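# Chain and residue survey
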Amino acid sequence: VQLQASGGGLVQAGGSLRLSCAASGTILITKTMAWYRQAPGKQRDLVASITSGGSRNYADSVKGRFTISRDNARNTVFLQMSSLKPEDTAVYFCNADTQYGVLYPWGQGTLVTVSS
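The paragraphs below set out a description of the structure included in this document. Computed from a predicted structure; not experimentally measured.

Another aspect to go through is the overall build of the protein chain. Scanning the protein chain from terminus to terminus reveals 0 helices and 11 strands. When the elements of the protein chain are put in sequence order from the N terminus, they spell out β-β-β-β-β-β-β-β-β-β-β. Relative to its length of 116 residues, the protein chain is compact, with a C-alpha radius of gyration of 13 Å against a globular reference of 13 Å. Each principal axis of the C-alpha distribution contributes one length, and for the protein chain these read about 40 × 25 × 25 Å. Here the protein chain holds 116 residues, and the buried ones make up 37% of them.

Moving on, we come to the nonpolar core. Core analysis: the biggest nonpolar cluster contains 27 residues, and Trp35, Phe66, Leu79, Met81 and Tyr92 have the highest contact counts within it. Listed by contribution, the elements that provide at least two residues to this core are strand 1 (2-6), strand 3 (17-24), strand 4 (33-38), strand 5 (44-50), strand 7 (66-71), strand 8 (76-81), strand 9 (90-98) and strand 11 (110-115). Beyond its immediate stretch of four places on either side in the chain, tyrosine 92 contacts Ala5, Leu19, Trp35, Tyr36, Arg37, Val47, Phe66, Leu79, Met81, Gly109, Thr110 and Val112.

The subject of this paragraph is the packing of aromatic side chains. Inspection of the entire model under this criterion finds 2 aromatic pairs. Both rings, one in tyrosine 36 and one in tryptophan 106, keep their centres 5.1 Å apart while their planes meet at 90°; by these two values the pair is edge-to-face. Of this pair, tyrosine 36 sits in strand 4 while tryptophan 106 sits in the loop between strand 10 (101-102) and strand 11, and the two are 70 residues apart along the sequence. Overall, tyrosine 36 belongs to the buried group, its relative accessible area being 8%. Plain terms: the ring middles of phenylalanine 93 and tryptophan 106 are 5.7 Å apart, the flat faces sit at 75° to each other, and that makes the pair edge-to-face.

All right, on to the side chain of arginine 37 then. Relative to the helices and strands, arginine 37 resides in strand 4. Within polar-contact distance, the side chain of arginine 37 engages the side chain of serine 61 at 3.4 Å. Of the polar contacts made by the side chain of arginine 37, one reaches the side chain of tyrosine 92; its length is 2.9 Å.

Put plainly, two cysteines are in a disulfide when a covalent bond ties their sulfur atoms together. The tally for this structure, following the rule as stated, stands at 1 disulfide. Paired through a disulfide, cysteine 21 and cysteine 94 show a sulfur-sulfur distance of 1.8 Å. Its S-S torsion of approximately 65° makes the covalent link between cysteine 21 and cysteine 94 right-handed. Here cysteine 94 lies in strand 9 and cysteine 21 lies in strand 3, a separation of 73 residues in the sequence. Cysteine 94 shares its class with cysteine 21; the two are buried.

Inspection of the entire model under this criterion finds 4 salt bridges. Salt-bridge contacts for lysine 63 lead to aspartate 60; the nearest nitrogen and oxygen are separated by 3.1 Å. You can call aspartate 60 exposed: its relative accessible area is 64%. For aspartate 71, the salt bridge identified is with arginine 74, shortest N-O distance 3.9 Å. Taking the relative accessible area as the measure of exposure, arginine 74 reaches 53% and is therefore exposed. Three or more residues joined by partner-sharing salt bridges are found here, namely Arg37, Arg65 and Asp88.

What counts as what
- Residues numbered from 1 in each chain as written.
- Predicted model: local features only at pLDDT ≥ 70, side-chain atom pairs only at ≥ 80, totals over all residues.
- Heavy atoms only, no water.
- Helix = DSSP H or I, 4+ residues; strand = E, 2+ residues; numbered from the N terminus.
- Rg over C-alpha atoms; globule rule 2.2 N^0.38 Å.
- Buried < 20%, exposed > 50% of the residue type's maximum accessible area, 1.4 Å probe, protein only.
- Core = buried A, V, L, I, M, F, W, Y, C linked by side-chain atoms within 4.5 Å.
- Contact = heavy atoms within 4.5 Å.
- Phe/Tyr/Trp six-rings, centres within 6.5 Å; stacked < 30°, edge-to-face > 60°.
- Polar contact = N/O pair within 3.5 Å; in protein donor to acceptor, adjacent residues only side chain to side chain.
- Disulfide = S-S within 2.5 Å.
- Salt bridge = Lys/Arg side-chain N within 4 Å of Asp/Glu carboxyl O.

Structure representation (structure tokens):
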């Protein structure tokens, strides 16, 4: 199983980016999928999740600015990020989220850098 996150880059504060997470070797349709991020020197934190039924949850720090979505036909999960802040700077990862933790090995993630 591979989860390939992409779409990161350098953006100015207030800007937007759209991240994608494409899966190979597994089918995501039945799984709760989530985006996580890890800033330098900090732990990896959950940013947003979406269930197989489409219910969404967000960390308080991104509510109203980020939107998670999924395209089951393309086996892909997205994270639309708007009104970006320097504190959003991190490597962003995707994974399947379960009550026991993540389901798959971590991929390389995609780096998002927000300049002030």
